[in-house]
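Fold and contact review
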Amino acid sequence: MKLYNTLTKTVSELIPNEEGKIKMYTCGPTVYHFAHIGNLRTYIMEDVLEKFLRFSGYDVTRVMNITDVGHLSSDGDTGEDKMLKGAKREKKTVMEIAEFYKNAFFEDCKKLNIKTPDIVEPATNCIDSFINMVQGLIDKGFAYIADGNVYFDTSKVENYYALTGHNPEELMVGVRDDVTEDTSKKNKSDFVLWFTKSKFDDQELKWDSPWGIGYPGWHIECSAICMKHLGNKLDIHCGGVDNIFPHHTNEIAQSEAYTGEKWCNYWFHVHHLNDETGKMSKSKGDFLTVSLIESKGYDPIAYRFFCLQSHYRKPLVFSYEALDQATATFNKLLRKIASLKDEGEGDYEYVNSVKAKFIDSVGSDLNTALGITCIYEILKASVNDKSKLLAISEIDKVLCCDLIKKAQSLNAPKTEANEGASNIDPELKAKIEALISERASAKKEKNFARADEIRQALSDMGVTIKDTREGTTYTLN
Ligand code: AMP
Ligand code: ZN
């Protein structure tokens, strides 16, 4: 496979450290709030990368952390811990918040067919590993203590800005609220490895350490968790583009200072999903979640399809119109697949040739849009339907859009839901169906507020509705 590498700024052949094996690390979610669909774009593309590598024959081990301590409001070392902010917002403990939003994240992933990485490790499980690594860095002269905190000394490493390719003045740490300059640092770019002092003394989770009671910095978490599970050499490190600086830049500095050798060969970064007003953000109030788009009648897999239609290295603008368009294309594709007859013998030579073409197409810097084109080519091919279905199901092992399953359900007889409701009082039935039809019109006119109101009114009447491709079905509680 050929992949763009942020470190070398070129598309090059992926050559793993160990033949046939790929060690892959993903920066996991900071579990202080729901993931927005922008975060999930990154996880969808990383998921496709992992599945594509397995499909191409690599033995992949993938590790992801869960950030449940140390990620401050700015991506640098200032501001309040995001977890504490979340806990205060909801009047819960940090661990309650972490558990709730970690589960919510994996539920979203499930809806989007994102596979759980082989190893998922919360930061709060690995305090000893962080302390050992920080001590190692102090022993080797790469870290210093100032005003109670342990800092990494960026002046001790060569080429600190290798990943960004920028000089420091051009870089801006994601500055949000409560951000002030830390005057204890020797160099502007130094970063905290271990906090014992911060402006926010109410930090809930703290641990004993050789430098006093405190908590780890966000950057050390990923390096230490990665090395704990994958050793000193990594093949691919993933994240969103906002992670390039300072997070991944700092990860490289501290990891290579610690081991004394090159750490990770390939850096894979997914560009942002933006809304029409700019970058998607959780501080913008009613932000876009999977549940929100689902409540508006969209299939989460149609969102996955929407993401796969565009290249991971291009910013993607989200709008309901764009999602409507992707949904229409997706449904049309499903209807075409549904018309194929699952009969006769498959032509396996053809299926293998499709697989090879697909590997070639997607293998060119994860070109998922070309991968989707392969499906249209299959539909036009002069082979029997059975061979087409077999070929589509192979490709869908990577795209994971449930193409065959969803197409089959289009052919299935009507669900029980409406039949079960057929013996209800005719007056009530007429009222429910009138509301459902009004809701469909409201949705068509993008009057989502009215559509939500009607859903609520139906729910108050004891009616649960479900949006399916054939229309809305309902059950009476
Ligand atoms: P966080 O939970 O904030 O640590 O972010 C989780 C992942 O989402 C990280 O890999 C970020 O780089 C990525 N991310 C953040 N915002 C966006 C966005 N608007 N579009 C795509 N990915 C994003
Ligand atoms: Zn990370």
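A short tour of the structure in this document, coming up. Note that the coordinates shown come from a computational prediction; the quantities given were computed from them, not determined experimentally.

A look at the packing of aromatic side chains
Inspection of every chain in the model, using the stated rule, returns 22 aromatic pairs. Taken together, a centroid distance of 5.0 Å and an interplanar angle of 90 degrees make the contact between F34 and Y101 edge-to-face. Note that F34 is positioned in the loop between β3 (21-26) and α1 (37-55) and Y101 in helix α3 (residues 94-111), a separation of 67 residues in sequence. With centroids separated by 5.9 Å and ring planes inclined at 55 degrees, the aromatic side chains of W194 and W211 adopt a geometry described as tilted. Here the residue W194 occupies a position in strand β8 (residues 191-195), and W211 occupies one in the loop between β8 and β9 (215-216), the gap between them amounting to 17 residues. For the pair W194 and W211, a shared accessibility class is recorded, and that class is buried. Members of the aromatic cluster, joined through ring pairs, are Y298, Y303, F306, F318, Y320 and F448.

As for the coordination of the zinc ion (ligand 2)
Only C27 (SG), C222 (SG) and H247 (NE2) from the protein reach the zinc ion (ligand 2) as donors, at distances of 2.0 to 2.1 Å. Sequence spacing of the donors to the zinc ion (ligand 2): C-x194-C-x24-H. Separated by 195 residues along the polypeptide, C27 in the loop between β3 and α1 and C222 in helix α5 (residues 218-230) bring together distant segments of the chain. Accessibility classification places C27 together with C222 in one group, the buried group.

Here's the deal with the environment of Y32
Structurally, Y32 is set in the loop between β3 and α1. Here the alpha-carbon distance between Y32 and K85, two residues 53 residues apart in the chain, equals 7.6 Å. If near-sequence neighbours (up to four positions away) are discounted, Y32 is found in contact with K82, M83, G86, R89, I97, Y101 and K282.

Observations regarding the site of ligand 1
Surrounding ligand 1, one finds 18 residues, the nearest of these being T30, G38, T42, D242 and L273. With respect to ligand 1, the side chain of T42 contributes an N or O atom lying 2.7 Å from a nitrogen atom. Compared with its free state, where it exposes 500 Å², ligand 1 has 94% of that area covered by protein. Breaking the shell around ligand 1 down by element, the ones donating at least two residues are α1 and β10 (234-240). The element best represented in the shell around ligand 1 is α1, accounting for 4 residues. For the shell around ligand 1, a count of residues per class yields 4 nonpolar, 12 polar and 2 charged.

Quick notes on the nonpolar core
Of all hydrophobic cores here, the largest spans 88 residues; its most connected members are L53, I236, Y303, F318, I337 and L366. With 10 residues, the top contributor of residues to this core is α1. Mapped onto the domain boundaries, this core takes at least three residues apiece from domain 1 (2-270) and domain 2 (278-411). Within the second largest apolar cluster, 47 residues are counted, among which are I127, F130, V150 and W263.

So, helix α6 (residues 244-259)
Over its 16 residues, α6 extends 21 Å from the first C-alpha to the last, a length consistent with the 22 Å expected when each residue adds 1.5 Å. Most of α6 is tucked away: 13 of the 16 residues are buried. Directly beyond the C-terminal end of α6, a positive phi value near 80 degrees is found at G260.

Re the pattern of salt bridges
Considering all chains together, one arrives at 31 salt bridges under this definition. Salt-bridge contacts for R62 lead to E50; the nearest nitrogen and oxygen are separated by 2.7 Å. Taken together, the residues span a long stretch of sequence, with R62 in strand β4 (residues 59-66) and E50 in helix α1 at a distance of 12 residues. For the residue pair R62 and E50, the accessibility class agrees, reading buried in each case.

So, the pairing of strand β6 (residues 143-146)
Examined bridge by bridge, β6 and strand β7 (residues 149-152) share 4 bridges and lie antiparallel to one another. Among the inter-strand pairings, I145 is bridged to a residue of β7, identified as V150.

A look at a positive patch on the surface
Judged by side-chain charge, K332, R335, K336 and K380 come together as a positively charged surface patch. Ranked by the residues each element gives to the positive patch, the list is headed by helix α9 (residues 320-338), at 3 residues. Checked against the element boundaries, K336 lands in helix α9. K336 gets classed as partly exposed once you look at its relative accessible area, which sits at 38%.

Notes on the sheet that holds strand β11 (residues 264-270)
One open sheet accounts for 5 strands, arranged β5-β4-β3-β10-β11; its pairing is parallel. With one partner strand each, in any of the chains shown, β5 (119-122) and β11 form the two edges of the open sheet. Strand-to-strand twist of the sheet, defined as the mean angle between neighbouring strand axes without regard to direction, takes the value 20 degrees. Sheet topology places β4 next to β5; 4 bridges connect them, and they run parallel. In the sheet register, I66 faces β5, and the bridge partner there is P122. On the sheet, α5 packs against β3, β4, β5 and β10 and is oriented at approximately 145 degrees with respect to β4.

Focus on unusual backbone geometry
Between F245 and the following residue, P246, the backbone shows a cis peptide bond with an omega angle of 5 degrees. By the element assignment, P246 lies in helix α6. Phi is positive for D147, which is not a glycine, with a value near 50 degrees. One can find D147 in the loop between β6 and β7. A positive phi angle is found at L366, which is not glycine, with a value near 50 degrees. Relative to the helices and strands, L366 is located in the loop between α10 (348-362) and α11 (368-380).

What to know about the sheet that holds strand β14 (residues 316-317)
What the 3 strands build is an open sheet, ordered β13-β12-β14; its pairing is mixed. This sheet does not close on itself; its edge strands, each paired only once, are β13 (278-279) and β14. In this structure, strand β12 (residues 273-275) lies alongside β14, joined through 2 bridges in parallel fashion. If you follow N274 over to β14, its bridge partner there is V317.

What counts, and at which threshold
Residues numbered from 1 in each chain as written. Chains lettered and ligands numbered in written order. Predicted model: local features only at pLDDT ≥ 70, side-chain atom pairs only at ≥ 80, totals over all residues. Heavy atoms only, no water. Phe/Tyr/Trp six-rings, centres within 6.5 Å; stacked < 30°, edge-to-face > 60°. Helix = DSSP H or I, 4+ residues; strand = E, 2+ residues; numbered from the N terminus. Buried < 20%, exposed > 50% of the residue type's maximum accessible area, 1.4 Å probe, protein only. Donors = N, O, S within 2.8 Å, 3.2 Å for Na, K, Ca; no water. Contact = heavy atoms within 4.5 Å. Near = heavy atom within 4 Å. Polar contact = N/O pair within 3.5 Å; in protein donor to acceptor, adjacent residues only side chain to side chain. Areas by Shrake-Rupley, 256 points an atom, 1.4 Å probe, with all protein chains shown as cover. Nonpolar A, V, L, I, M, F, W, Y, C, P; charged D, E, K, R; others polar. Core = buried A, V, L, I, M, F, W, Y, C linked by side-chain atoms within 4.5 Å. Domains from an automatic or database assignment. Expected span 1.5 Å × (residues − 1). Salt bridge = Lys/Arg side-chain N within 4 Å of Asp/Glu carboxyl O. Pairing = 2+ DSSP bridges. Patch = residues over 30% accessible without salt bridge, like charges linked within 9 Å, V, L, I, M, F, W, Y side chains within 5 Å. Lys, Arg positive; Asp, Glu negative; His and termini not counted. Charge placed at Lys NZ, Arg CZ, Asp CG, Glu CD. Axes fitted to C-alpha atoms, helices over the stretch in contact; angles between N-to-C directions.

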